[in-house]
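Each chain is listed here by its residues.
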Amino acid sequence: MSADKRARMVEWQLRRRGIEDERVLDAMGRVPRELFVPAEARECAYADAALSIGEGQTISQPYMVALICEQLALHGTERILDVGTGSGYQAAVLAQLAREVHTIERLPQLADRARERLEAAGYENVQVHVGDGTLGLPELAPFGAIAIAAAAPGIPQTLYEQLEPRGRLVVPVGGGRGQRLEVAVRSPEGPAVVHSVPCRFVPLIGAEGFGE
Ligand code: SAM
């Protein structure tokens, strides 16, 4: 049942909307999204929408998860930083696409739940951290790529500096009136923004995000 819904999601919400990276499509077709939503929302797990996960937060729309993963242009050897763990779903998808995933969430209740789900589902290359993700994880940097799943006022400088040379960072930029998903590549001249599309995310709250 879930496998059928997942296959339809991949075809109709992702491939037909322009997601082309076969590794991303394959990963999205394998991660059981229903394990990452609250029990009462399981029926809607494959809906073309973000869903509430409690604490005023959401699991992102499948298309946005796939788009972020595609824009990271992963090969499978990278260490990734995933900012805004939420349900843990995006971290699970990234775990299929990279060697090692470090995911950080500011709300301990969400981090605990995500850790339990990821462990139960057998994702051994993901570590869940609690803290202000706008400051990254300096002790584990540099990262081959950084995914940010909450909207920031601009490209967070501290996170940009935790990228390897030519590493990619994907971040929704903007406030309540409109946001754009930006892709920045670390280069000697500073962040080179290579892609940008409209999107809508909850705010990134922290030292280099929006205030509490
Ligand atoms: N990627 C998630 C998933 O697959 O379920 C969805 C993330 S949700 C749209 C954004 C998350 O970012 C929320 O859980 C929120 O608490 C978290 N967040 C906001 N500001 C943060 C910060 N400074 N550091 C870490 N997490 C943060």
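Before reading further, recall that the structure is shown in the block above.
Residues numbered from 1 in each chain as written. Predicted model: local features only at pLDDT ≥ 70, side-chain atom pairs only at ≥ 80, totals over all residues. Heavy atoms only, no water.

1. Things to note about the pattern of salt bridges
Here is step 1: If you walk through the whole model with that rule in mind, you get ten salt bridges.
Here is step 2: Among the ionic pairs, E34 bridges to R6, the shortest N-O distance being 3.7 Å. Separated by 28 residues along the polypeptide, E34 in the loop between helix 2 (22–30) and strand 1 (51–54) and R6 in helix 1 (residues 2–14) bring together distant segments of the chain. Per residue, the accessibility class of E34 equals that of R6, and both read buried.
Here is step 3: Between E100 and R79 there is a salt bridge; the shortest N-O distance is 3.3 Å. (Salt bridge = Lys/Arg side-chain N within 4 Å of Asp/Glu carboxyl O. Helix = DSSP H or I, 4+ residues; strand = E, 2+ residues; numbered from the N terminus. Buried < 20%, exposed > 50% of the residue type's maximum accessible area, 1.4 Å probe, protein only.)

2. Let's talk about the site of the ligand
Here is step 1: Close contacts around the ligand come from 25 residues, with S87, E105, D132, G133 and I205 the closest.
Here is step 2: G133 is positioned with one of its backbone polar atoms (N or O) 2.8 Å from a nitrogen atom of the ligand.
Here is step 3: About the coverage of the ligand: the protein hides 99% of its 600 Å² of free accessible area.
Here is step 4: In this structure, the ligand is accommodated by the largest pocket.
Here is step 5: Elements with a contribution of two residues or more to the shell around the ligand: strand 2 (57–59), helix 4 (89–97) and strand 4 (100–105).
Here is step 6: Top element by residues in the shell around the ligand is strand 2. It accounts for three residues.
Here is step 7: In the shell around the ligand, the residues fall into eleven nonpolar, eleven polar and three charged. (Near = heavy atom within 4 Å. Polar contact = N/O pair within 3.5 Å; in protein donor to acceptor, adjacent residues only side chain to side chain. Areas by Shrake-Rupley, 256 points an atom, 1.4 Å probe, with all protein chains shown as cover. 1 Å grid on protein atoms, 1.4 Å probe; cavity = no way out; pocket = protein on both sides within 12 Å on 5 of 7 lines; lining within 4 Å. Sits in = over half its atoms within 2 Å of the grid points. Nonpolar A, V, L, I, M, F, W, Y, C, P; charged D, E, K, R; others polar.)

Such coordinate-based values are descriptive only and should not be taken to indicate function.
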